[in-house]
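Chain and residue survey
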Amino acid sequence: QVQLVESGGGLVQPGGSLRLSCAASGFIFSINAMGWYRQAPGKQRELVAAITSGDTTNYADSVKGRFTISRDNAKNTVYLQMNSLKPEDTAVYYCKKEPRPGRLYPYEYWGQGTQVTVSS
């Protein structure tokens, strides 16, 4: 029973910071890649950042230099540190367990999401 629980969202002013957390359970966290995605009203869900089991990271161009993804395998938790927030960052942010390589029918596991609103 895979479970992903996001927390840390809220209302923040432009230029502010927020740290999101995703607590994972029900699988061997340390060998799985994890990702953060976001979805704004009327828009497609998009990848924000991802991190592999070996701590390799990649980011959407729109957040490079502002956001940092990290993981703590001892706590089964993945984080997203968001700095210099902009109104266009407003969205529901979701945590995802990325499929293991080589699976023929990968199943998508998502958290419930946490709302981030950037407004003055």
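One can find the structure itself at the top, above this paragraph.
Anyway, here's the lowdown on the structure attached to this text.

Turning next to the overall build of the protein chain. Counting secondary structure elements, the protein chain contains 0 helices and 11 strands. Helices and strands appear in the protein chain in the N-to-C order β-β-β-β-β-β-β-β-β-β-β. Counting the 120 residues in the protein chain, one finds 39% classified as buried. Long-range pairs, those at least 24 residues apart, make up 56% of the contacts in the protein chain with a sequence separation of at least 6. Total accessible area on the protein chain stands at roughly 6700 Å², and carbon and sulfur atoms take up 48% of it. Charge-centre separation for the protein chain: the mean point of 13 positive side chains lies 3 Å from the mean point of 9 negative side chains.

Another aspect to go through is the side chain of Glu-98. Mapped onto the elements, Glu-98 comes out in the loop between strand S9 (91-97) and strand S10 (109-110). With a relative accessible area of 13%, Glu-98 lands in the buried category. At a separation of 2.7 Å, a polar atom in the side chain of Glu-98 contacts the side chain of Tyr-37. Sequence-distant contacts of Glu-98, defined by excluding residues within four places in its chain, comprise Asn-32, Ala-33, Met-34, Gly-35 and Tyr-37.

To continue, consider the pairing of strand S7 (residues 67-72). Looking down a regular strand, the side chains alternate between one sheet face and the other. The alternating pattern of S7 places Phe-67, Ile-69 and Arg-71 on a buried face, while none of Thr-68, Ser-70 and Asp-72, on the opposite face, is buried. Sheet topology note: the S7/strand S8 (residues 77-82) ladder contains 6 bridges and is antiparallel. Bridged to Arg-71 within S8 is Val-78. If you look at the hairpin formed by S7 and S8, you'll find 4 residues sitting between the two strands, and Asn-76 has a positive phi there, around 50°.

Of note in this structure, Asp-55 is not a glycine but carries a positive phi near 75°. On the secondary structure map, Asp-55 appears in the loop between strand S5 (46-51) and strand S6 (57-59). Phi at Asn-76 takes a positive value of approximately 50°, unusual for a residue other than glycine. Here Asn-76 shows up in the loop between S7 and S8. A relative accessible area of 26% means that Asn-76 is categorised as partly exposed.

On to the side chain of Thr-114. Positionally, Thr-114 belongs in strand S11 (residues 114-118). A relative accessible area of 10% means that Thr-114 is categorised as buried. When residues no more than four places from it in sequence are discounted, the contact partners of Thr-114 are Glu-6, Ser-7, Gly-8, Gly-9, Leu-20, Ala-91, Val-92 and Tyr-93.

Below, the discussion takes up the packing of aromatic side chains. Enumeration according to the criterion identifies 4 aromatic pairs in this entry. Taking the centre distance of 6.3 Å and the plane angle of 45° together, the rings of Phe-27 and Phe-29 count as tilted. Phe-29 carries the same exposure label as Phe-27, and that label is buried. Aromatic pair Tyr-107 and Tyr-109: ring centres 4.7 Å apart, planes at 50°, arrangement tilted.

About the criteria used
Residues numbered from 1 in each chain as written. Predicted model: local features only at pLDDT ≥ 70, side-chain atom pairs only at ≥ 80, totals over all residues. Heavy atoms only, no water. Helix = DSSP H or I, 4+ residues; strand = E, 2+ residues; numbered from the N terminus. Buried < 20%, exposed > 50% of the residue type's maximum accessible area, 1.4 Å probe, protein only. Contact = heavy atoms within 4.5 Å. Areas by Shrake-Rupley, 256 points an atom, 1.4 Å probe, with all protein chains shown as cover. Lys, Arg positive; Asp, Glu negative; His and termini not counted. Charge placed at Lys NZ, Arg CZ, Asp CG, Glu CD. Polar contact = N/O pair within 3.5 Å; in protein donor to acceptor, adjacent residues only side chain to side chain. Pairing = 2+ DSSP bridges. Phe/Tyr/Trp six-rings, centres within 6.5 Å; stacked < 30°, edge-to-face > 60°.

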